Amino acid sequence: MEKVKIGLLGFGTVGQGVWKTVRMNRDDLIHNAGLDVEISKILVRDMGKDREINPDSSFLTTNPLDIIEDESIQIVVELVGGIEEAKDFLEKAIEKGKHVVTANKALLALHGKELTEKAEKRGVQLRYEASVAGGIPILHAIRESLSANRIEKIMGIVNGTTNYILTRMSREGISFDEALKEAQNKGYAEADPTADVDGFDAAHKLTILASLGFKSGVDFEQVYCEGIRRMTPTDIEYAKELGFAVKLLAIGTEREGKLELRVHPTFIDEDHPLAAVNDAFNAVFIEGNAVGELMFYGKGAGDMPTASAVLGDIINVSRNQHHPNPQAYRLDFPKNRKHIMSMEETQTGYYIRFMVKDSPGVLGEIASTFGKNGVSLSSVIQKGEGEESVPLVFITHKTRESAVQKTIRQIQKFDAVTEVANLIRVEALS
Ligand SMILES: NC(=O)c1ccc[n+]([C@@H]2O[C@H](COP(=O)([O-])OP(=O)(O)OC[C@H]3O[C@@H](n4cnc5c(N)ncnc54)[C@H](OP(=O)(O)O)[C@@H]3O)[C@@H](O)[C@H]2O)c1
(Lines give C-alpha, C1' and ligand atoms only; values in the text may rest on other atoms or scores of the structure.)
Protein backbone atom coordinates (compact mmCIF):
# COMPACT_ATOMS: atom_id res chain seq x y z
CA MET A 1 0.00 0.00 0.00
CA GLU A 2 1.29 3.40 -1.01
CA LYS A 3 1.00 6.56 1.06
CA VAL A 4 0.39 9.75 -0.89
CA LYS A 5 0.69 13.15 0.73
CA ILE A 6 -1.38 15.92 -0.76
CA GLY A 7 -1.64 19.65 -0.14
CA LEU A 8 -4.98 21.40 -0.62
CA LEU A 9 -4.99 24.96 -1.94
CA GLY A 10 -8.43 26.09 -0.75
CA PHE A 11 -10.82 24.71 1.84
CA GLY A 12 -14.26 25.82 0.69
CA THR A 13 -17.05 23.61 -0.65
CA VAL A 14 -14.81 21.26 -2.66
CA GLY A 15 -11.78 21.32 -0.32
CA GLN A 16 -13.95 20.28 2.62
CA GLY A 17 -15.61 17.66 0.41
CA VAL A 18 -12.17 16.15 -0.26
CA TRP A 19 -11.43 16.14 3.49
CA LYS A 20 -14.77 14.44 4.28
CA THR A 21 -14.40 11.85 1.50
CA VAL A 22 -10.85 10.93 2.53
CA ARG A 23 -12.04 10.45 6.12
CA MET A 24 -15.29 8.68 5.18
CA ASN A 25 -13.77 6.33 2.56
CA ARG A 26 -10.22 5.77 3.83
CA ASP A 27 -10.71 1.99 3.95
CA ASP A 28 -12.19 1.98 0.44
CA LEU A 29 -9.31 4.06 -0.90
CA ILE A 30 -6.86 1.60 0.62
CA HIS A 31 -8.84 -1.43 -0.54
CA ASN A 32 -9.87 -0.24 -4.01
CA ALA A 33 -6.90 1.88 -5.01
CA GLY A 34 -4.15 0.62 -2.72
CA LEU A 35 -3.66 4.20 -1.64
CA ASP A 36 -3.53 5.87 1.75
CA VAL A 37 -4.26 9.54 1.00
CA GLU A 38 -3.01 11.93 3.65
CA ILE A 39 -3.91 15.62 3.59
CA SER A 40 -0.74 17.27 4.90
CA LYS A 41 -1.48 20.98 4.63
CA ILE A 42 -4.34 23.27 3.62
CA LEU A 43 -4.14 26.80 2.24
CA VAL A 44 -6.89 29.23 3.31
CA ARG A 45 -7.29 32.98 3.22
CA ASP A 46 -8.72 33.32 6.73
CA MET A 47 -7.29 31.01 9.43
CA GLY A 48 -9.95 31.99 11.97
CA LYS A 49 -13.02 31.37 9.77
CA ASP A 50 -15.65 29.02 11.20
CA ARG A 51 -16.22 26.28 8.61
CA GLU A 52 -18.33 23.12 8.56
CA ILE A 53 -15.04 21.24 9.00
CA ASN A 54 -12.54 22.87 11.33
CA PRO A 55 -9.26 20.91 11.21
CA ASP A 56 -6.58 21.44 13.82
CA SER A 57 -4.85 24.78 13.10
CA SER A 58 -1.58 22.91 12.48
CA PHE A 59 -3.08 21.80 9.12
CA LEU A 60 -3.82 25.35 8.00
CA THR A 61 -1.61 27.98 6.42
CA THR A 62 -2.08 31.26 4.59
CA ASN A 63 1.24 30.88 2.75
CA PRO A 64 0.96 28.85 -0.50
CA LEU A 65 4.71 28.15 -0.44
CA ASP A 66 4.24 26.08 2.73
CA ILE A 67 2.56 23.57 0.41
CA ILE A 68 4.26 24.19 -2.93
CA GLU A 69 7.78 23.98 -1.44
CA ASP A 70 7.11 21.11 0.96
CA GLU A 71 9.31 18.27 -0.28
CA SER A 72 7.09 15.62 1.31
CA ILE A 73 3.96 16.68 -0.63
CA GLN A 74 3.60 14.80 -3.93
CA ILE A 75 0.33 16.23 -5.27
CA VAL A 76 -0.92 19.81 -5.05
CA VAL A 77 -4.70 20.18 -5.40
CA GLU A 78 -5.89 23.64 -6.51
CA LEU A 79 -9.37 24.46 -5.19
CA VAL A 80 -9.18 28.23 -4.63
CA GLY A 81 -11.00 29.19 -7.85
CA GLY A 82 -10.47 32.44 -9.79
CA ILE A 83 -7.84 32.89 -12.46
CA GLU A 84 -4.63 34.77 -11.68
CA GLU A 85 -3.75 33.49 -8.21
CA ALA A 86 -4.80 29.94 -9.08
CA LYS A 87 -2.64 30.05 -12.23
CA ASP A 88 0.31 31.37 -10.27
CA PHE A 89 -0.07 28.61 -7.64
CA LEU A 90 -0.29 25.89 -10.29
CA GLU A 91 2.69 27.19 -12.26
CA LYS A 92 4.82 27.35 -9.13
CA ALA A 93 3.79 23.84 -8.10
CA ILE A 94 4.61 22.51 -11.60
CA GLU A 95 8.00 24.27 -11.55
CA LYS A 96 8.70 22.55 -8.23
CA GLY A 97 8.00 19.19 -9.89
CA LYS A 98 4.67 18.52 -8.16
CA HIS A 99 1.83 16.69 -9.84
CA VAL A 100 -1.23 18.93 -9.84
CA VAL A 101 -4.99 18.42 -9.76
CA THR A 102 -7.54 21.20 -10.24
CA ALA A 103 -11.33 21.65 -10.52
CA ASN A 104 -11.01 25.11 -12.06
CA LYS A 105 -12.81 25.19 -15.44
CA ALA A 106 -12.44 28.93 -15.99
CA LEU A 107 -8.67 28.69 -15.54
CA LEU A 108 -8.39 25.66 -17.83
CA ALA A 109 -10.59 27.17 -20.54
CA LEU A 110 -8.42 30.29 -20.61
CA HIS A 111 -4.95 28.92 -19.80
CA GLY A 112 -5.23 25.13 -20.06
CA LYS A 113 -3.01 24.94 -23.12
CA GLU A 114 -0.02 26.66 -21.49
CA LEU A 115 -0.54 24.84 -18.20
CA THR A 116 -0.75 21.37 -19.74
CA GLU A 117 2.28 22.17 -21.91
CA LYS A 118 4.26 23.36 -18.86
CA ALA A 119 3.32 20.20 -16.96
CA GLU A 120 4.38 18.04 -19.90
CA LYS A 121 7.74 19.84 -20.22
CA ARG A 122 8.39 19.46 -16.51
CA GLY A 123 7.39 15.78 -16.64
CA VAL A 124 4.53 16.08 -14.15
CA GLN A 125 0.85 15.27 -14.47
CA LEU A 126 -1.96 17.83 -14.53
CA ARG A 127 -5.48 16.44 -14.10
CA TYR A 128 -8.80 18.25 -14.06
CA GLU A 129 -11.67 15.75 -14.07
CA ALA A 130 -13.81 17.81 -11.66
CA SER A 131 -13.66 20.86 -13.94
CA VAL A 132 -16.38 19.46 -16.25
CA ALA A 133 -19.67 18.06 -14.94
CA GLY A 134 -18.45 17.66 -11.32
CA GLY A 135 -18.80 14.04 -10.26
CA ILE A 136 -19.31 12.60 -13.77
CA PRO A 137 -16.06 10.97 -14.94
CA ILE A 138 -16.47 12.26 -18.48
CA LEU A 139 -12.93 13.46 -19.23
CA HIS A 140 -11.38 10.15 -18.22
CA ALA A 141 -13.95 8.35 -20.38
CA ILE A 142 -13.16 10.55 -23.40
CA ARG A 143 -9.41 10.46 -22.94
CA GLU A 144 -8.98 6.83 -21.98
CA SER A 145 -11.96 4.53 -22.46
CA LEU A 146 -13.11 6.07 -25.77
CA SER A 147 -9.71 6.66 -27.33
CA ALA A 148 -10.39 3.99 -29.98
CA ASN A 149 -13.17 6.23 -31.32
CA ARG A 150 -13.36 9.33 -33.44
CA ILE A 151 -15.80 11.46 -31.47
CA GLU A 152 -18.34 13.05 -33.79
CA LYS A 153 -20.61 14.87 -31.38
CA ILE A 154 -20.59 16.00 -27.75
CA MET A 155 -23.78 17.47 -26.36
CA GLY A 156 -24.05 18.31 -22.69
CA ILE A 157 -26.14 19.81 -19.95
CA VAL A 158 -23.10 20.93 -18.00
CA ASN A 159 -24.48 23.74 -15.84
CA GLY A 160 -26.76 22.66 -13.00
CA THR A 161 -27.94 26.20 -12.13
CA THR A 162 -29.45 26.87 -15.54
CA ASN A 163 -30.89 23.37 -15.75
CA TYR A 164 -32.61 23.94 -12.40
CA ILE A 165 -34.00 27.30 -13.56
CA LEU A 166 -35.29 25.90 -16.87
CA THR A 167 -36.81 22.88 -15.10
CA ARG A 168 -38.69 25.16 -12.67
CA MET A 169 -39.86 27.45 -15.48
CA SER A 170 -41.08 24.43 -17.42
CA ARG A 171 -42.84 22.70 -14.51
CA GLU A 172 -44.37 25.74 -12.80
CA GLY A 173 -44.82 28.18 -15.69
CA ILE A 174 -42.88 30.83 -13.72
CA SER A 175 -40.71 33.59 -15.21
CA PHE A 176 -36.92 33.49 -15.51
CA ASP A 177 -36.60 36.10 -12.70
CA GLU A 178 -38.80 34.08 -10.32
CA ALA A 179 -36.94 30.84 -11.06
CA LEU A 180 -33.56 32.55 -10.62
CA LYS A 181 -34.63 33.94 -7.22
CA GLU A 182 -35.73 30.47 -6.17
CA ALA A 183 -32.39 28.99 -7.33
CA GLN A 184 -30.53 31.65 -5.32
CA ASN A 185 -32.60 30.94 -2.19
CA LYS A 186 -31.83 27.23 -2.50
CA GLY A 187 -28.09 27.83 -2.97
CA TYR A 188 -28.06 26.64 -6.59
CA ALA A 189 -27.24 30.08 -7.98
CA GLU A 190 -24.69 32.67 -6.85
CA ALA A 191 -25.68 36.21 -5.82
CA ASP A 192 -24.04 37.25 -9.11
CA PRO A 193 -25.41 34.58 -11.47
CA THR A 194 -23.71 35.91 -14.63
CA ALA A 195 -21.26 33.04 -15.20
CA ASP A 196 -24.09 30.52 -15.09
CA VAL A 197 -27.11 32.21 -16.68
CA ASP A 198 -25.17 33.92 -19.48
CA GLY A 199 -23.64 30.59 -20.50
CA PHE A 200 -19.95 31.34 -19.76
CA ASP A 201 -19.54 28.44 -17.31
CA ALA A 202 -20.96 26.00 -19.89
CA ALA A 203 -18.73 27.54 -22.57
CA HIS A 204 -15.66 27.06 -20.33
CA LYS A 205 -16.60 23.40 -19.99
CA LEU A 206 -17.23 22.99 -23.73
CA THR A 207 -13.78 24.46 -24.43
CA ILE A 208 -12.25 21.67 -22.32
CA LEU A 209 -14.55 18.91 -23.61
CA ALA A 210 -14.01 19.87 -27.25
CA SER A 211 -10.22 20.16 -26.95
CA LEU A 212 -9.95 16.69 -25.42
CA GLY A 213 -12.75 15.11 -27.46
CA PHE A 214 -11.82 16.45 -30.90
CA LYS A 215 -8.05 16.49 -30.16
CA SER A 216 -7.78 20.07 -31.28
CA GLY A 217 -6.70 23.23 -29.52
CA VAL A 218 -9.81 25.35 -28.90
CA ASP A 219 -9.78 28.94 -27.67
CA PHE A 220 -12.58 29.90 -25.31
CA GLU A 221 -13.34 32.95 -27.47
CA GLN A 222 -14.15 30.64 -30.40
CA VAL A 223 -17.12 29.08 -28.59
CA TYR A 224 -20.43 30.78 -29.42
CA CYS A 225 -22.13 31.59 -26.13
CA GLU A 226 -25.70 32.64 -25.41
CA GLY A 227 -27.44 32.34 -22.03
CA ILE A 228 -31.01 31.76 -20.86
CA ARG A 229 -32.11 35.24 -19.73
CA ARG A 230 -34.51 35.70 -22.66
CA MET A 231 -36.38 32.43 -22.08
CA THR A 232 -40.05 33.16 -21.40
CA PRO A 233 -42.94 30.97 -20.16
CA THR A 234 -44.58 31.61 -23.57
CA ASP A 235 -41.68 30.02 -25.48
CA ILE A 236 -41.54 27.11 -23.05
CA GLU A 237 -45.26 26.48 -23.60
CA TYR A 238 -44.71 26.44 -27.37
CA ALA A 239 -41.80 24.02 -26.88
CA LYS A 240 -44.07 21.61 -25.02
CA GLU A 241 -46.82 21.95 -27.60
CA LEU A 242 -44.32 21.13 -30.37
CA GLY A 243 -42.85 18.13 -28.51
CA PHE A 244 -39.63 19.66 -27.18
CA ALA A 245 -37.93 20.26 -23.83
CA VAL A 246 -35.84 23.41 -23.31
CA LYS A 247 -32.24 22.98 -22.16
CA LEU A 248 -29.08 25.05 -22.12
CA LEU A 249 -26.87 22.81 -24.25
CA ALA A 250 -23.15 22.88 -24.87
CA ILE A 251 -22.81 21.39 -28.35
CA GLY A 252 -19.64 20.35 -30.16
CA THR A 253 -19.76 18.66 -33.56
CA GLU A 254 -17.08 17.67 -36.02
CA ARG A 255 -18.10 17.80 -39.69
CA GLU A 256 -15.58 17.20 -42.47
CA GLY A 257 -12.69 18.12 -40.19
CA LYS A 258 -14.35 21.36 -39.04
CA LEU A 259 -15.75 22.04 -35.58
CA GLU A 260 -19.03 23.62 -34.57
CA LEU A 261 -18.92 24.81 -30.96
CA ARG A 262 -21.90 26.52 -29.38
CA VAL A 263 -23.69 27.07 -26.09
CA HIS A 264 -27.28 28.30 -26.23
CA PRO A 265 -30.79 27.51 -25.02
CA THR A 266 -32.10 24.70 -27.21
CA PHE A 267 -35.40 23.04 -27.99
CA ILE A 268 -34.52 19.35 -27.83
CA ASP A 269 -36.79 16.55 -28.95
CA GLU A 270 -38.69 15.28 -25.89
CA ASP A 271 -37.65 11.71 -26.80
CA HIS A 272 -33.94 12.54 -26.63
CA PRO A 273 -32.34 11.22 -23.41
CA LEU A 274 -31.06 14.72 -22.55
CA ALA A 275 -34.67 15.97 -22.41
CA ALA A 276 -35.23 13.88 -19.27
CA VAL A 277 -32.29 15.44 -17.38
CA ASN A 278 -33.93 17.76 -14.88
CA ASP A 279 -33.25 19.91 -11.81
CA ALA A 280 -29.57 20.52 -11.05
CA PHE A 281 -28.40 17.29 -12.72
CA ASN A 282 -25.83 17.24 -15.50
CA ALA A 283 -25.48 14.86 -18.44
CA VAL A 284 -23.15 14.51 -21.38
CA PHE A 285 -24.25 12.73 -24.55
CA ILE A 286 -21.53 11.52 -26.90
CA GLU A 287 -21.47 9.98 -30.35
CA GLY A 288 -18.35 7.98 -31.20
CA ASN A 289 -17.82 6.37 -34.59
CA ALA A 290 -17.29 2.93 -33.05
CA VAL A 291 -19.23 3.00 -29.80
CA GLY A 292 -22.31 4.84 -31.10
CA GLU A 293 -24.38 6.87 -28.66
CA LEU A 294 -23.51 7.12 -24.95
CA MET A 295 -24.89 9.22 -22.13
CA PHE A 296 -23.25 10.03 -18.79
CA TYR A 297 -25.58 11.37 -16.08
CA GLY A 298 -24.98 12.59 -12.54
CA LYS A 299 -24.33 15.45 -10.16
CA GLY A 300 -22.36 18.23 -11.76
CA ALA A 301 -21.52 20.06 -8.55
CA GLY A 302 -21.60 19.84 -4.77
CA ASP A 303 -18.95 19.03 -2.20
CA MET A 304 -18.96 15.22 -2.32
CA PRO A 305 -19.59 14.60 -6.07
CA THR A 306 -16.84 17.06 -6.95
CA ALA A 307 -14.53 15.56 -4.33
CA SER A 308 -15.18 12.14 -5.87
CA ALA A 309 -13.74 13.41 -9.17
CA VAL A 310 -10.80 15.15 -7.46
CA LEU A 311 -9.91 11.95 -5.61
CA GLY A 312 -10.24 9.94 -8.82
CA ASP A 313 -7.56 12.21 -10.29
CA ILE A 314 -5.38 11.81 -7.21
CA ILE A 315 -5.62 8.03 -7.53
CA ASN A 316 -4.77 8.12 -11.25
CA VAL A 317 -1.87 10.49 -10.76
CA SER A 318 -0.48 8.32 -7.96
CA ARG A 319 -0.80 5.16 -10.03
CA ASN A 320 0.95 6.79 -13.00
CA GLN A 321 3.74 8.34 -10.94
CA HIS A 322 6.13 5.56 -11.79
CA HIS A 323 5.04 5.28 -15.45
CA PRO A 324 4.12 8.87 -16.26
CA ASN A 325 2.28 9.77 -19.43
CA PRO A 326 1.77 13.46 -18.82
CA GLN A 327 0.86 14.09 -22.46
CA ALA A 328 -2.37 12.20 -21.95
CA TYR A 329 -4.31 15.21 -20.70
CA ARG A 330 -2.94 17.97 -22.94
CA LEU A 331 -5.36 20.66 -24.03
CA ASP A 332 -3.27 21.92 -26.93
CA PHE A 333 -2.63 20.16 -30.21
CA PRO A 334 -0.45 22.62 -32.11
CA LYS A 335 -0.18 20.37 -35.15
CA ASN A 336 -3.88 19.62 -35.18
CA ARG A 337 -5.87 22.84 -34.81
CA LYS A 338 -9.12 22.22 -36.61
CA HIS A 339 -11.06 25.04 -38.24
CA ILE A 340 -13.81 26.29 -35.96
CA MET A 341 -16.89 27.41 -37.84
CA SER A 342 -18.38 30.83 -37.30
CA MET A 343 -21.98 30.83 -36.10
CA GLU A 344 -23.12 31.82 -39.63
CA GLU A 345 -21.66 28.57 -41.00
CA THR A 346 -23.35 26.31 -38.45
CA GLN A 347 -26.43 24.25 -39.23
CA THR A 348 -29.34 23.42 -36.96
CA GLY A 349 -33.11 23.77 -36.72
CA TYR A 350 -34.77 27.00 -35.55
CA TYR A 351 -37.83 28.09 -33.58
CA ILE A 352 -38.79 31.65 -34.42
CA ARG A 353 -41.65 33.50 -32.77
CA PHE A 354 -42.86 36.65 -34.50
CA MET A 355 -45.50 39.04 -33.21
CA VAL A 356 -47.60 40.23 -36.14
CA LYS A 357 -50.64 42.38 -36.85
CA ASP A 358 -53.65 40.14 -37.36
CA SER A 359 -54.23 40.88 -41.03
CA PRO A 360 -54.85 38.61 -44.03
CA GLY A 361 -51.87 37.33 -46.01
CA VAL A 362 -49.18 37.82 -43.32
CA LEU A 363 -48.58 34.11 -42.79
CA GLY A 364 -48.22 33.49 -46.55
CA GLU A 365 -45.87 36.44 -47.01
CA ILE A 366 -43.58 35.30 -44.19
CA ALA A 367 -43.65 31.63 -45.22
CA SER A 368 -42.75 32.49 -48.81
CA THR A 369 -39.80 34.63 -47.60
CA PHE A 370 -38.42 31.58 -45.78
CA GLY A 371 -38.84 29.58 -49.01
CA LYS A 372 -37.11 32.19 -51.19
CA ASN A 373 -34.06 31.97 -48.90
CA GLY A 374 -33.97 28.17 -49.09
CA VAL A 375 -35.18 27.67 -45.52
CA SER A 376 -37.68 24.84 -45.30
CA LEU A 377 -40.33 24.85 -42.59
CA SER A 378 -41.43 21.86 -40.53
CA SER A 379 -44.20 23.45 -38.40
CA VAL A 380 -46.22 26.64 -38.19
CA ILE A 381 -48.48 27.72 -35.35
CA GLN A 382 -50.79 30.70 -35.64
CA LYS A 383 -52.79 31.67 -32.57
CA GLY A 384 -55.07 34.48 -31.44
CA GLU A 385 -57.57 36.42 -33.45
CA GLY A 386 -58.77 39.99 -33.45
CA GLU A 387 -56.00 41.18 -31.12
CA GLU A 388 -53.70 43.97 -32.24
CA SER A 389 -50.64 41.73 -32.18
CA VAL A 390 -50.72 37.92 -32.40
CA PRO A 391 -47.94 35.31 -32.24
CA LEU A 392 -46.80 33.46 -35.33
CA VAL A 393 -44.42 30.57 -34.67
CA PHE A 394 -42.23 28.72 -37.16
CA ILE A 395 -39.99 25.68 -36.78
CA THR A 396 -37.48 25.16 -39.56
CA HIS A 397 -35.72 22.02 -40.74
CA LYS A 398 -31.95 21.93 -40.30
CA THR A 399 -30.51 24.88 -42.16
CA ARG A 400 -27.59 27.31 -42.18
CA GLU A 401 -27.66 30.05 -39.56
CA SER A 402 -26.75 32.68 -42.19
CA ALA A 403 -29.86 31.81 -44.26
CA VAL A 404 -32.12 32.11 -41.20
CA GLN A 405 -30.60 35.43 -40.11
CA LYS A 406 -30.96 36.83 -43.64
CA THR A 407 -34.63 35.75 -43.75
CA ILE A 408 -35.34 37.36 -40.38
CA ARG A 409 -33.74 40.64 -41.46
CA GLN A 410 -36.09 40.70 -44.47
CA ILE A 411 -39.20 39.75 -42.48
CA GLN A 412 -38.47 42.34 -39.80
CA LYS A 413 -39.07 45.07 -42.41
CA PHE A 414 -42.67 43.99 -43.11
CA ASP A 415 -45.28 46.48 -41.87
CA ALA A 416 -47.32 43.64 -40.37
CA VAL A 417 -44.42 42.35 -38.23
CA THR A 418 -44.30 44.14 -34.88
CA GLU A 419 -41.55 42.08 -33.22
CA VAL A 420 -39.16 39.14 -33.63
CA ALA A 421 -39.98 37.94 -30.12
CA ASN A 422 -37.52 35.04 -29.89
CA LEU A 423 -35.22 32.75 -31.82
CA ILE A 424 -34.21 29.44 -30.24
CA ARG A 425 -32.17 26.73 -31.90
CA VAL A 426 -33.65 23.25 -32.25
CA GLU A 427 -32.05 19.80 -31.95
CA ALA A 428 -34.59 17.46 -33.51
CA LEU A 429 -34.09 13.73 -33.75
CA SER A 430 -33.39 12.94 -37.37
N1 LIG B 1 -18.53 24.06 -5.64
C2 LIG B 1 -18.70 23.12 -6.56
O3 LIG B 1 -19.67 22.36 -6.53
C4 LIG B 1 -17.71 22.98 -7.68
C5 LIG B 1 -17.91 21.99 -8.68
C6 LIG B 1 -16.97 21.83 -9.70
C7 LIG B 1 -15.85 22.65 -9.72
N8 LIG B 1 -15.69 23.64 -8.76
C9 LIG B 1 -14.49 24.47 -8.83
O10 LIG B 1 -13.71 24.18 -7.67
C11 LIG B 1 -12.99 25.33 -7.27
C12 LIG B 1 -13.30 25.62 -5.80
O13 LIG B 1 -14.68 25.87 -5.64
P14 LIG B 1 -15.38 26.00 -4.20
O15 LIG B 1 -16.85 26.02 -4.47
O16 LIG B 1 -14.83 24.99 -3.27
O17 LIG B 1 -14.88 27.46 -3.76
P18 LIG B 1 -15.09 28.19 -2.35
O19 LIG B 1 -16.13 27.48 -1.55
O20 LIG B 1 -15.28 29.63 -2.63
O21 LIG B 1 -13.68 27.97 -1.60
C22 LIG B 1 -12.51 28.63 -1.99
C23 LIG B 1 -11.44 28.34 -0.94
O24 LIG B 1 -10.20 28.88 -1.40
C25 LIG B 1 -9.65 29.73 -0.40
N26 LIG B 1 -8.98 30.82 -1.11
C27 LIG B 1 -9.47 31.56 -2.14
N28 LIG B 1 -8.53 32.43 -2.58
C29 LIG B 1 -7.44 32.22 -1.81
C30 LIG B 1 -6.16 32.82 -1.74
N31 LIG B 1 -5.80 33.79 -2.57
N32 LIG B 1 -5.29 32.37 -0.81
C33 LIG B 1 -5.64 31.40 0.05
N34 LIG B 1 -6.84 30.78 0.04
C35 LIG B 1 -7.73 31.21 -0.88
C36 LIG B 1 -10.81 30.19 0.47
O37 LIG B 1 -10.30 30.51 1.76
P38 LIG B 1 -11.25 30.93 3.00
O39 LIG B 1 -11.94 29.63 3.39
O40 LIG B 1 -10.32 31.39 4.04
O41 LIG B 1 -12.20 31.95 2.48
C42 LIG B 1 -11.70 28.94 0.44
O43 LIG B 1 -11.27 28.05 1.43
C44 LIG B 1 -13.43 26.45 -8.24
O45 LIG B 1 -12.50 26.55 -9.28
C46 LIG B 1 -14.76 25.95 -8.77
O47 LIG B 1 -15.05 26.45 -10.05
C48 LIG B 1 -16.58 23.80 -7.76
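No experiment lies behind these values; they were computed from the predicted model shown.

K.L.:
Is there a simple way to think about the overall build of the chain in this case?
P.N.:
Secondary structure summary: the chain contains 14 helices and 18 strands in total. In summary, the chain has a C-alpha radius of gyration of 24 Å against a globular reference of 22 Å for 430 residues, a match within 12%. If one aligns the C-alpha atoms of the chain with their principal axes, the spans along those axes are about 80 × 45 × 35 Å. Out of the 430 residues belonging to the chain, those deemed buried represent 46%.

K.L.:
Before we go on, may I ask you to explain helix α13 (residues 362-372) in this structure?
P.N.:
In an α-helix, one turn spans 3.6 residues, which is why side chains three or four residues apart end up on the same side. Among the residues making up α13, those that are buried are Val362, Ile366 and Phe370. Along the axis of α13, the buried positions cluster into a sector of 70°, meaning they face one direction only. Projecting away from the buried face of α13 at angles above 90 degrees are the exposed residues Gly364, Ser368, Gly371 and Lys372. In this fold, the buried residues of α13 make contact with β14 (347-357), β15 (377-382), β16 (389-396) and α14 (401-412). One or two residues past the end of α13 sits Gly374, with phi positive at roughly 75°.

K.L.:
What exactly am I supposed to notice about the site of the ligand here?
P.N.:
Within the structure, the ligand sits among 23 residues, and Gly10, Gly12, Gly81, Ala103 and Ala301 are positioned closest to it. Here the shell around the ligand takes three residues from helix α1 (residues 13-24), the largest share from any one element. Residue composition of the shell around the ligand, grouped by class: nine nonpolar, nine polar and five charged.

K.L.:
What is the right way to read the sheet that holds strand β5 (residues 99-102) from this model?
P.N.:
The strands making up a sheet associate through backbone hydrogen bonding, with each pair oriented either parallel or antiparallel. Reading across the sheet, the six strands line up as β3-β2-β1-β4-β5-β6 and stay open at both edges, with parallel pairing between neighbours. Lying at the two open borders of the sheet, with one neighbouring strand each, are β3 (60-61) and β6 (126-127). Bridge analysis of strand β4 (residues 75-78) against β5 gives four bridges, and the strand direction is parallel. Within β5, the position partnered with Val77 by the bridge is Val101. Packed onto the sheet, α1 meets β1 (2-9), β2 (35-43) and β4 and runs at close to 145° relative to β2. Across the sheet, helix α12 (residues 303-320) is in contact with β1, β2, β4, β5 and β6; its angle to β5 comes to roughly 160°.

K.L.:
Would you mind showing me how to read the environment of Gly257 here?
P.N.:
Mapped onto the fold, Gly257 is located in the loop between β9 (244-255) and β10 (258-269). Taking the C-alpha atoms as reference points, Gly257 and Val77, 180 residues apart in sequence, are found 36 Å from one another.

K.L.:
Even after reading the chapter, I still don't get unusual backbone geometry, so can you show me in this structure?
P.N.:
Trans is the prevailing form of peptide bonds, just as negative phi is the prevailing case for residues other than glycine. Of note in the backbone geometry, Ala133 takes a positive phi value of approximately 60° without being a glycine. If you trace the backbone, Ala133 turns up in the loop between β6 and α6 (138-145). At Asp279, a position not held by glycine, the phi torsion is positive, near 55°. Relative to the helices and strands, Asp279 is located in the loop between β10 and β11 (281-288).

K.L.:
Can you walk me through the nonpolar core in this structure?
P.N.:
Within the largest apolar cluster, 122 residues are counted, with the highest numbers of intra-cluster contacts made by Val77 and Val310. Sort the elements by how many residues they give to this core and helix α10 (residues 200-214) lands first, with nine residues. Leaving out residues up to four positions away in the same chain, Val77 has contacts with Ile6, Gly7, Leu8, Leu9, Val18, Val101 and Val310.

K.L.:
Honestly, the domain arrangement of the chain in this entry has me stumped. Any pointers?
P.N.:
Interface size is commonly expressed as the accessible area that is lost once the parts come together. In terms of domains, the chain is made up of domain 1 (2-135 + 303-329), domain 2 (146-299) and domain 3 (347-427). In this structure, domain 1 and domain 3 have C-alpha centres spaced 51 Å apart.

K.L.:
Sorry if this is basic, but what is going on with the packing of helix α4 (residues 84-95) against helix α5 (residues 105-122) here?
P.N.:
Packed helices, taken two at a time, are described by the angle their axes make and the gap between the axes. Between α4 and α5, the shortest axis-to-axis distance is 10 Å and the interhelical angle comes to 10°. With respect to each other, α4 and α5 are oriented roughly parallel. Counting all contacts with α4, which are made through Ala86, Lys87, Leu90, Glu91, Ile94 and Glu95, the residues of α5 involved are Leu107, His111, Leu115, Lys118, Ala119 and Arg122. Of the residues that constitute the contact of α4 with α5, the class distribution is six nonpolar, one polar and five charged.

K.L.:
Even after reading the chapter, I still don't get the pairing of β4, so can you show me in this structure?
P.N.:
Two faces make up the sheet, and in a regular strand the side chains alternate between them. The alternating pattern of β4 places Ile75 and Val77 and Val76 and Glu78 on opposite faces, both of which are buried. In this sheet, β4 lies alongside β1 in parallel orientation, the contact comprising four bridges. Note on β4: the bridge partner recorded for Ile6 is Ile75. The β-α-β motif built from β4, the intervening α4 and the parallel element β5 has right-handed crossover chirality.

K.L.:
What exactly am I supposed to notice about the packing of helix α7 (residues 160-172) against helix α8 (residues 176-185) here?
P.N.:
Axis separation between α7 and α8 bottoms out at 9 Å; the angle between their running directions is 125°. One element, α7, and the other, α8, form an angle in the oblique class. α7 and α8 meet at a crossing whose hand is right-handed. Here Thr161, Tyr164, Ile165, Arg168 and Met169 of α7 lie close against α8, whose contacting residues are Phe176, Ala179, Leu180, Glu182 and Ala183. In terms of residue class, the contact of α7 with α8 is made up of seven nonpolar, one polar and two charged.

K.L.:
Can you walk me through α10 in this structure?
P.N.:
For α10, spanning 15 residues, the distance from its first C-alpha to its last is 20 Å, which sits close to the expected 21 Å at 1.5 Å a residue. Most of α10 sits inside the fold, with 15 of its 15 residues counted as buried. Looking one or two residues past α10, Lys215 carries a phi angle of roughly 50°, positive in sign.

Conventions adopted
Residues numbered from 1 in each chain as written. Predicted model: local features only at pLDDT ≥ 70, side-chain atom pairs only at ≥ 80, totals over all residues. Helix = DSSP H or I, 4+ residues; strand = E, 2+ residues; numbered from the N terminus. Rg over C-alpha atoms; globule rule 2.2 N^0.38 Å. Buried ≥ 20, exposed ≤ 12 C-beta atoms within 10 Å, placed from the backbone. Arc of directions from axis to C-beta. Contact = placed C-beta atoms within 7 Å. Near = placed C-beta within 6 Å. Nonpolar A, V, L, I, M, F, W, Y, C, P; charged D, E, K, R; others polar. Pairing = 2+ DSSP bridges. Axes fitted to C-alpha atoms, helices over the stretch in contact; angles between N-to-C directions. Core = buried A, V, L, I, M, F, W, Y, C linked by C-beta atoms within 7 Å. Domains from an automatic or database assignment. Parallel < 35°, antiparallel > 145°, perpendicular 65-115°, else oblique. Right-handed = clockwise from strand over helix to strand, strands pointing away. Left-handed = near helix turned anticlockwise from the far one by under 90°. Expected span 1.5 Å × (residues − 1).

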